[in-house]
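Understanding the architecture of this molecule
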Amino acid sequence: MLPMLVDVVFMAAAAVELALGDLSDPVLAMVLGIAAIAAVPLRHRVPWVALVFTLPAVTDPGVLTPALLALFTVAQGTVRRRWVLALPSAAVIVLWLAPWDYTLRLPLVYGAIYSIMFGITPVALGQLVQARRSLASRLDELIRLRESERNAVVEQTRAEERARLAREMHDVVSHQVSLIAVQAGALQVSAPDATTRNAAVTLRDLARRTLDELRQMLDVLRVAAPAAGQIAPQPDLSQLPQLVHDSGVDARLTTDLPVDLPVPVQRALFRVVQEGLTNIRKHAPGASAEIAMSTAEGILTLRLRNGPPTQSAGRIPGSGHGFIGIRERAELLGGTFHGAATSDGGFELTVLLPLRDRVG
């Protein structure tokens, strides 16, 4: 809609030029002027054709507006071989200067200045618009690439965390399934009847197949995340007081948890507290913290809250990958994670884990 409005305005201005012009040959001037005005809409599809039709009217009847608009459009669309723009620019300069009286020096100087302005200004403006459009396109592309890279980093972090969590789960599951296989083998030997022995054989075979499938899954995860390396012995809640003591954070730990929590839950709680204390050291140095873990109505709640920093944080960058890992751990155990700043300038993170059918 806007380009059409621009065309109408310039065509009206050209019509005024034509009506007020000093026509040396009225018939030819009228034909050239009308042709130039009619060629204005062509600039959107065939700008060079529009320029060719508008240039003759520059000299007689002196209708300059369509040629300037067509020259601007040509310059706007020229990306390569910009030297070509010198030709129509020079044509405008020559055609505008041609009818001037060369015996009058002062008017001739004025005419030369005007003609140079008319020939160069549309080209400069068109190239400026083209450069701005090109820069905007490149900026959009850079923004898309940056977003793509950020998403790739997030996905890589999630994949590595899933791989590590899956391997930890594999350690626990394989241990339990191995015990089942051993017990089934013992039952197979000591069973008093054939039915029980057959059931023991079936259980032992199922346990072995389960172990094989788990090992294959672990091999796939190791190929997908080779940088993760071998899994070291994983901590549990018995090491939590030592973690808090060695963290360098003035933290108070209170726990009211069952003693028979599943190993994956203990590891998840340990890692969440570890990440929380690390964030306090990085982003809230000198702040005190409270760590509370309790259970109620089958839900285990871990709440870690720290106050405002008392020392300068030193502009340490944070990637947010730690929170991604915490959220992955909580979701893999069927729970939720929430973290938010507090009104006093501190921070609080909360993890809720379901314990139904887990404790015991």
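Below or above, wherever it landed, is the structure these notes cover. This structure is a prediction, so every number in the text was calculated from the model and none was measured.

**Remarks on the environment of serine 312**
Looking at the element boundaries, serine 312 is found in the loop between strand S3 (299-306) and helix H11 (321-332). The spatial distance from the C-alpha of serine 312 to the C-alpha of glycine 286 is 8.7 Å, given a sequence separation of 26 residues.

**Some words on the packing of helix H1 (residues 2-20) against helix H2 (residues 26-38)**
At a closest axis distance of 10 Å, the pairing of H1 and H2 adopts a crossing angle of 170 degrees. Overall, the two elements H1 and H2 adopt an arrangement that is roughly antiparallel. Mapping the contact onto sequence places Met11, Ala14, Ala15 and Leu18 in H1 and Ala29, Met30, Gly33, Ile34 and Ile37 in H2. Of the residues that constitute the contact of H1 with H2, the class distribution is 8 nonpolar, 1 polar and no charged.

**A look at the sheet that holds S3**
Strands sit in the order S1-S2-S3-S5-S4 across an open sheet of 5 strands; the sheet is mixed. Two strands bound the open sheet, and with one partner strand each, they are strand S1 (250-256) and strand S4 (336-341). Taken pair by pair, the neighbouring strands of this sheet meet at an average axis angle of 10 degrees, ignoring direction. Sheet topology places S4 next to strand S5 (residues 347-354); 6 bridges connect them, and they run antiparallel.

**Some points on the side chain of threonine 301**
By secondary structure assignment, the location of threonine 301 is in strand S3. Ignoring sequence-local partners within four residues, the contact set of threonine 301 consists of Ala292, Met293, Ser294, Thr350, Val351 and Leu352.

**Side note on the packing of helix H3 (residues 47-54) against helix H5 (residues 65-76)**
It is the contact of H3 with H5, at a shortest axis distance of 9 Å, that shows an interaxial angle of 155 degrees. Classed by the angle they form, the pair H3 and H5 counts as roughly antiparallel. Of the two possible hands of crossing, H3 and H5 adopt the one that is left-handed. Only Pro66, Ala67, Ala70, Leu71, Thr73 and Val74 of H5 make contact with H3, whose side of the interface consists of Pro47, Trp48, Ala50, Leu51 and Thr54. Here the residues of the contact of H3 with H5 are counted per class, giving 9 nonpolar, 2 polar and no charged.

**Considering the pattern of salt bridges**
Considering all chains together, one arrives at 6 salt bridges under this definition. Between arginine 252 and glutamate 290 there is a salt bridge whose closest N-O contact spans 3.2 Å. On the criterion of sequence distance, the pair formed by arginine 252 in strand S1 and glutamate 290 in strand S2 (residues 288-296) is long-range, its members being 38 residues apart. With relative accessibility at 43%, the residue glutamate 290 sits in the partly exposed group.

**A few points about the packing of aromatic side chains**
Inspection of the entire model under this criterion finds 1 aromatic pair. Taken together, a centroid distance of 6.4 Å and an interplanar angle of 25 degrees make the contact between tyrosine 114 and phenylalanine 118 stacked. Here the residue tyrosine 114 and the residue phenylalanine 118 both occupy positions in helix H7 (residues 105-190), the gap between them amounting to 4 residues, near one helical turn. Overall, phenylalanine 118 belongs to the partly exposed group, its relative accessible area being 24%.

**So, helix H6 (residues 86-97)**
Relative to the 16 Å expected for 12 residues at 1.5 Å per residue, H6 spans 16 Å between its end C-alpha atoms, a close match to the ideal helical length. Taken as a whole, H6 has its buried residues at Pro88, Ser89, Val92, Trp96 and Leu97. The buried residues of H6 occupy an angular sector of 165 degrees when the element is viewed end-on, so they sit on one face. Along H6, exposed side chains directed more than 90 degrees from the buried face belong to Leu87 and Val94.

Calculation notes
Residue numbering note: each chain is counted from 1, following its sequence as written. For this predicted model, a pLDDT threshold of at least 70 governs which residues receive local features, and a threshold of 80 or more governs which side-chain atom pairs are given and counted, while totals over whole chains, interfaces and linings are taken from all residues. Side-chain measures were taken over the full set of non-hydrogen atoms in the model, leaving aside hydrogen atoms and water. Here a helix means four or more residues in a row that DSSP labels H or I, a strand means two or more in a row labelled E, and each is numbered from the N terminus. Helix axes are fitted only over the stretch in contact, all axes being lines through C-alpha atoms; the angle between N-to-C directions runs from 0 to 180 degrees. For classification purposes, an angle smaller than 35 degrees is called roughly parallel, one larger than 145 roughly antiparallel, one from 65 to 115 roughly perpendicular, and anything else oblique. By the convention used here, residues are in contact when the closest approach between their heavy atoms is within 4.5 Å. Charged residues are taken to be Asp, Glu, Lys and Arg, nonpolar residues to be Ala, Val, Leu, Ile, Met, Phe, Trp, Tyr, Cys and Pro, and polar residues to be all remaining types, Gly included. A pair of strands is labelled paired if DSSP reports no fewer than 2 bridges between them. Each crossing gets its hand from how the near helix is turned against the far one by less than a right angle, where anticlockwise is left-handed and clockwise is right-handed. The salt bridge criterion pairs a side-chain nitrogen of Lys or Arg with a carboxyl oxygen of Asp or Glu, the two atoms within 4 Å. Burial classification: accessible surface area is computed with a 1.4 Å probe over protein chains only, and a residue below 20% of its type maximum counts as buried, one above 50% as exposed, and the rest as partly exposed. A pair of Phe, Tyr and Trp rings is counted when the ring centres sit within 6.5 Å of each other, with Trp represented by its six-membered ring. The angle between the planes then sorts it: under 30 degrees is stacked, over 60 is edge-to-face, the rest tilted. A helix is expected to reach a length of 1.5 Å times the quantity of its residues less one. In this context, the arc is that of the directions from the helix axis out to the C-beta atoms.

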